[in-house]
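Report on the structure
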Amino acid sequence: MHHQGPLLFLLAALSAVGLATILGAFSPDLPTAAQIGWGLFLMILPLALGSAVWMGWTWAAMACVVYGTIGLALDLATVISILGGKGETVTMLALSGISGTLNLLLVVFGGRAFWNALQGLRPPGSRPPNPPSPSSSSAA
């Protein structure tokens, strides 16, 4: 798979930023079920996608695009909320900015990897026509 290295790096970085977000920026009042859900989305899912990318599965590149798009939307919503005065801390703003940049790069490299994989799946080109047989040319 093309761009396997950048995808693995971006997914590992997103998992690390997710861990930093959970440990440093989440409210202690957040229910346990919500903490588990965010942990799955921010840390475990990128690692699972990284495993699929490592295996070279083509669908994993498109899954990276989907994950990056959802993550980028969440990061933009968080930044707008913080800048609108409803956010918690500057730490959350910095983590959202870093995560948003990583998610944008994940969309770009995941899309390019998927596109390159599709280019390799084309059927073989047409072959030249068969030459006329010697018996058909002697009848003329």
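Sequence order as written defines the numbering, with residues in each chain counted from 1. Given that the model is predicted, a residue must reach a pLDDT of at least 70 before its local features are reported, and side-chain atom pairs must reach 80 or more before they are shown or counted; all residues, however, enter totals for whole chains, interfaces and linings. In computing side-chain properties, one takes all heavy atoms of the structure into account and sets aside hydrogens as well as water.

1. As for the overall build of the protein chain
Our working rule: Helix and strand assignments follow DSSP, with helices taken as H or I runs no shorter than four residues and strands as E runs no shorter than two, numbered in order from the N terminus. Taken over C-alpha atoms, the radius of gyration is set against a globule rule of 2.2 Å times the number of residues to the power 0.38. Note on classification: 1.4 Å probe, protein chains only; a residue is buried when its accessible area is under 20% of the maximum for its type, exposed when over 50%, partly exposed between these limits. Whether two residues touch is decided by their heavy atoms; if any such pair falls within 4.5 Å, the residues are in contact. Under the convention used here, a 1.4 Å probe and the Shrake-Rupley method define accessible areas, while residue burial counts only the protein chains that appear.
Looking only at helices and strands, one finds 5 helices and 0 strands in the protein chain. Reading the helices (α) and strands (β) of the protein chain from amino to carboxyl end gives α-α-α-α-α. Scaling as 2.2 N^0.38, a compact globule of 140 residues should have a C-alpha radius of gyration of about 14 Å, whereas the protein chain reaches 24 Å, well beyond that. The dimensions of the protein chain, computed from C-alpha atoms along their principal axes, are 95 × 30 × 25 Å. Looking at the protein chain residue by residue over its 140 residues, the buried ones come to 27%. For the protein chain, the share of sequence-separated contacts (at least 6 apart) that also reach a separation of at least 24 residues comes to 73%. Split by element, the accessible area of the protein chain, about 8,900 Å² in all, is 71% carbon and sulfur.

2. A look at a nonpolar patch on the surface
For clarity, the threshold we go by: Residues forming no salt bridge and having over 30% relative accessible area are the ones grouped into patches, like charges within 9 Å of each other and nonpolar side chains (Val, Leu, Ile, Met, Phe, Trp, Tyr) within 5 Å. Throughout this description, the term salt bridge denotes a Lys or Arg side-chain nitrogen within 4 Å of a carboxyl oxygen of Asp or Glu.
Among the surface-exposed residues, Trp38, Met62, Val66, Ile70 and Leu74 lie close enough to one another that they form a single nonpolar patch of about 400 Å² accessible area. Sorting elements by how many residues they give to the nonpolar patch places helix H3 (residues 58–86) first, with 4 residues. Of note, Trp38 is situated in helix H2 (residues 32–55).

3. Some details on the packing of aromatic side chains
Spelled out, the test is: Here a Phe, Tyr or Trp ring, Trp counted by its six-membered ring, pairs with any other such ring whose centre lies within 6.5 Å, and the pair is stacked when the planes are under 30 degrees apart, edge-to-face when over 60, and tilted otherwise.
Evaluation of the coordinates by the stated rule reveals 3 aromatic pairs. Here Trp57 and Trp59 contribute two aromatic rings whose centre-to-centre distance is 5.8 Å and whose plane-to-plane angle is 25°, an arrangement assigned as stacked. You can call Trp57 partly exposed: its relative accessible area is 41%. Here a set of aromatic residues connected by ring pairs shows up, and it is made of Trp38, Phe41 and Tyr67.

4. Focus: the side chain of Ser15
Counting through the fold element by element, Ser15 comes out in helix H1 (residues 4–24). Leaving out residues up to four positions away in the same chain, Ser15 has contacts with Leu42, Met43, Pro46 and Leu47.

5. Here we look at the nonpolar core
Our working rule: Nine residue types can take part in a nonpolar core, namely buried Ala, Val, Leu, Ile, Met, Phe, Trp, Tyr and Cys, and a core is a set of them joined through side-chain atoms within 4.5 Å.
Core analysis: the largest hydrophobic core is formed by 23 residues, its most contacted members being Leu7, Leu11, Val53, Cys64, Tyr67, Leu102 and Leu106. Elements with a minimum of two residues in this core: H1, H2, H3 and helix H4 (90–119). Top element by residues in this core is H1. It accounts for 6 residues. Beyond its immediate stretch of four places on either side in the chain, Leu7 contacts Met1, Val53, Cys64, Leu106, Phe109, Gly110 and Ala113.

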